[in-house]
Amino acid sequence: METKLIDHLFRYHSGKMVSVLTRIFGLSHLEIIEDAVQDTFIKASISWRTKLPDNPEAWLTQAAKNRVLDIFRKLNTEKKHLPNIIYGTNAIAINDLFLDTEIEDAQLRMIFTACHPKLDPRDRISFALKTVSGFSIKEISSALLTKEDSIKKRLTRARKAIHKAQLKFQIPQGALLPQRLESVMEVLYLIFNEGFHSNKKQTLIQKELCGEAMRLCKILLKNKHTRTPEVYALFALMCFHSARIETKTNAKNELLDLKNQDRSQWHFPLIKLGNIMMDKAVDTPTFSCYHYEAAIAAEHLRAVRFEDTKWDKILHWYECLNAIQPMPTHLLTMAVVCLQTKDYEISKNYLDQIKPNDFAQRAYLYYGTLSDYYHAINDLPEAIKHIDYAISLVNNKFEKNYLQKKKSNLLLTNK
C-alpha cells in the first residue's frame, strides 16, 4: 500500500516540488533539486513503512525543502546562495511559495522553461515529462520508445541549453507570450497523442500520458495570461478524444475502430466538458489547428451511429485544417473520408500526393488505407498485397491484430 501511495505521490507531486524549489534556488541548481526530491521519496519509502504521516504531501514538501538546504550546506554554498534563508522574513516568503496558487505559478514557469524554443524540439517532451510531470527516465524511455541512454542525453542537452541561453524561470510577457505559448501547446499536444496513439508494442493507450497532458493544459487555463481560445480548443480536443478512450478496445483487448465502438459507453461528462471548452474557444476571429481538430472530433461524437456521421462536414474541417497546417496525415485522413462517401477517384488523388516515408514509424497507416481503397474498387489482389505490407510494418500488437483481422475478411471476400 505504502509503495503504491509513494509512486502516486511521486508522479503527481514531485513536479510541484521541483518547480517550487527551482523558483527558490534557481534553474542553475535544477539537477541538485531533482536529486533532492528523489532522495526525499526514497526517505519516505523507508520512513512510512511503520506509520503513514497525516498529510503525506506536506511531509514530502517539508522534507524536500530540508533536503535541498542540507545539500547546499554540504556544498558550502549557503552564504553565497542562501542568505538568511531559514530565519526571518525570507523564511516566511519561502513558505508562502508553497501555497497552492504559488505552486501553480511555479509549475507554469517550469512548463514554459521545459518547452522553450531554445531547447531542441526532440528534447522538450522528455524534459517536460521529467521536470514538470515527475516521470522517471525509465518511464520516459518506455513512453517514447527510446533508449534510456538517449533520454539521459536529451535531458543533459536541455539543461545545458538552459544554462547556455541563461533562461529565466518566468512566464513570458507581452509579444513573447503567443510564440512561447504555441511551443507549450505543441509539446502538450504531442504528449497527449503519444498516449492516445501509443507506438509501444504491448500497449495501445497510455492513459497516464493523456491525463498528464490534460493536467498541464488545465494549468494554462487557470492563468489569465495563458487562457487563450487556442488553449481552450486544445483542451476541448483532449476531452473529446478521452471521452472514447475506454471504447478503443473490446473485452478481448482487441482494437476497435470508430465504426465498431460502443457509443453508449463513451464518457458523456467529458463530451459535455469538451463542448463547454469549445464554446469558449470559438470566441476569436481566427481558428487554429486545435480548433479544427476539435471540430472534427466533435462531429464524430455527435453521430448516434457510425452511419449518421456527416462526412461532408468532417471533410470540410480537414480541408480547413490542411490549409493552415499542410500535413501528409491530413491528406491520408481526407482520403479515408472520401472512401466513406464513395468518392474513390478523389480518395486516390489524395493518396497519390502522399509518400509512405512521410509517416516514419506509422507508414503502415498509409498502406492500410491503400488496401481499403483497392478493396473499395474491388481490386482484391492489390488490397491483400498492401495490407500484407501494412502488417509487416506495424509495431503495436493490437494494431497488428486489427490489420490481420481485416486481411482475414478480405480473404473471405476473395473466395
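Residues numbered from 1 in each chain as written. Predicted model: local features only at pLDDT ≥ 70, side-chain atom pairs only at ≥ 80, totals over all residues. Heavy atoms only, no water.

Structural notes on the overall build of the protein
Put simply, the rule reads: Numbering goes from the N terminus for both helices and strands, where a helix is a DSSP run of H or I of at least four residues and a strand is a run of E of at least two. To measure how exposed things are, a 1.4 Å probe is used in the Shrake-Rupley method; for residues, cover is taken only from the protein chains shown.
Secondary structure summary: the protein contains 20 helices and 0 strands in total. Of the accessible surface of the protein, which amounts to about 21,500 Å², a share of 52% is contributed by carbon and sulfur atoms.

Quick word on the side chain of His116
Note the cut-off: By the criterion applied in these results, polar contacts are pairs of N or O atoms within 3.5 Å in which, for protein atoms, one can donate a hydrogen and the other can accept it, and in which residues neighboring in sequence qualify only through two side-chain atoms.
Within the fold, His116 resides in the loop between helix 6 (100-114) and helix 7 (121-131). Within the local environment of His116, its side chain forms a polar contact with the backbone nitrogen of Lys118, the two atoms lying 3.0 Å apart.

Observations concerning the confidence of the model for the protein
Put simply, the rule is: By definition, pLDDT measures how confident the predictor is in each residue, and it falls between 0 and 100. What makes two residues a contact is simply this: any of their non-hydrogen atoms within 4.5 Å.
Mean pLDDT over the protein stands at 86; residues scoring 70 or higher make up 89%. The low-confidence segment residues 86-92 (pLDDT under 50) makes 7 contacts with residues lying over four places distant or belonging to another chain.

A few points about the pattern of salt bridges
What counts, and what does not: Between Lys or Arg on one side and Asp or Glu on the other, a salt bridge is scored when a side-chain nitrogen of the former is within 4 Å of a carboxyl oxygen of the latter. Using a 1.4 Å probe on the protein chains alone, a residue whose accessible area is under 20% of its type maximum counts as buried, one over 50% counts as exposed, and one in between counts as partly exposed.
For the structure on display, the rule yields 16 salt bridges. Note that Arg23 and Asp105 form a salt bridge whose closest N and O atoms lie 3.0 Å from each other. Within this pair, whereas Arg23 is found in helix 1 (residues 2-25), its partner Asp105 is found in helix 6, the two being separated by 82 residues in sequence. Look at Arg23 and you get partly exposed, because its relative accessible area is 25%. Between Asp123 and Arg157 there is a salt bridge; the shortest N-O distance is 2.7 Å.

Looking at the environment of Leu181
If you trace the backbone, Leu181 turns up in helix 10 (residues 176-196). Each C-alpha atom, one on Leu181 and one on Leu220, is 9.1 Å from the other, the two residues being 39 residues apart in sequence.

Topic: the side chain of Lys348
Along the chain, the position of Lys348 falls in helix 17 (residues 344-352). Side chain to side chain, Lys348 and Asp352 meet in a polar contact 2.7 Å long. Ignoring any residue separated from it by four or fewer positions in sequence, one finds Lys348 in contact with Tyr373 and Tyr374.

Here we look at helix 18 (residues 363-376)
Along an α-helix, a turn takes 3.6 residues, which lines up residues three or four apart on a common side. To keep it simple, the criterion reads: Helices are assigned an expected span. That span is 1.5 Å times one less than the residue count.
Along its 14 residues, helix 18 runs 20 Å from first to last C-alpha, staying within 8% of the 20 Å computed at 1.5 Å per residue. Listed as buried for helix 18 are Ala363, Tyr364, Tyr366, Tyr367, Gly368, Thr369, Leu370, Ser371, Tyr373 and Tyr374. Asn378, located one to two residues past helix 18, shows a positive phi value of around 65°.

Brief notes about the environment of Ala295
Mapped onto the elements of the fold, Ala295 is located in helix 14 (residues 289-302). Once the C-alpha coordinates of Ala295 and Tyr318 are considered, the two residues, 23 residues apart in sequence, prove to be 9.4 Å apart.

Concerning the packing of aromatic side chains
Rule in force here: Between the rings of Phe, Tyr and Trp (Trp by its six-membered ring), a pair exists once the centres lie within 6.5 Å; its type follows the angle of the planes, with under 30 degrees stacked, over 60 edge-to-face, and the other angles tilted.
Tallying each qualifying case throughout the model produces 9 aromatic pairs. With centroids separated by 5.3 Å and ring planes inclined at 70°, the aromatic side chains of Trp48 and Trp59 adopt a geometry described as edge-to-face. With a gap of 11 residues between them, Trp48 in the loop between helix 2 (30-47) and helix 3 (56-74) and Trp59 in helix 3 connect regions that are remote in the sequence. Given the relative accessible area of 1%, Trp48 is considered buried. When its relative accessible area of 24% is taken as the criterion, Trp59 is described as partly exposed. With a centroid separation of 5.1 Å and an interplanar angle of 75°, the aromatic rings of Tyr366 and Tyr367 are classed as edge-to-face. The exposure class assigned to Tyr366 is buried, which follows from its relative accessible area of 10%. One aromatic cluster is present, built from ring pairs that chain together Phe287, Tyr292 and Trp317.

Observations regarding unusual backbone geometry
The residue Lys342 is not glycine, and still its phi comes out positive at about 65°. Structurally, Lys342 is set in the loop between helix 16 (328-340) and helix 17. Given a relative accessible area of 59%, Lys342 falls into the exposed group. With phi around 65°, Asn378 is a residue other than glycine that occupies positive phi space. Mapped onto the elements of the fold, Asn378 is located in the loop between helix 18 and helix 19 (380-393).

Here's the deal with the packing of helix 10 against helix 12 (residues 229-242)
We apply this condition: Comment: axis = line fitted to C-alpha atoms, over the contacting stretch for helices; angle = value between 0 and 180 degrees taken between N-to-C directions. Put simply, angles under 35 degrees are roughly parallel, angles over 145 are roughly antiparallel, angles from 65 to 115 are roughly perpendicular, and the rest are oblique. Residues were grouped as follows: Ala, Val, Leu, Ile, Met, Phe, Trp, Tyr, Cys and Pro as nonpolar; Asp, Glu, Lys and Arg as charged; and all remaining residues, including Gly, as polar.
It is the contact of helix 10 with helix 12, at a shortest axis distance of 11 Å, that shows an interaxial angle of 5°. Considering their axes alone, helix 10 and helix 12 lie roughly parallel with respect to each other. On helix 12, the residues that touch Leu181, Met185, Leu188, Tyr189, Phe192 and Phe196 of helix 10 are Glu230, Val231, Leu234, Leu237, Met238, His241 and Ser242. Residues belonging to the contact of helix 10 with helix 12 are distributed by class as follows: 10 nonpolar, 2 polar and 1 charged.

Brief notes about helix 9 (residues 148-165)
This is how it is decided: As used here, the arc is the angular range of directions from the helix axis to the C-beta atoms.
For helix 9, with 18 residues, the first-to-last C-alpha span of 26 Å sits near the 26 Å given by 1.5 Å per residue. Residues of helix 9 that are buried: Ile151, Arg154, Leu155, Ala158, Arg159, Ala161 and Ile162. Along helix 9, the residues classed as buried sweep out an arc of 160° about the axis, all on the same side. Of the exposed residues in helix 9, those oriented more than 90 degrees away from the buried face are Asp149, Lys153, Lys160, His163 and Lys164.

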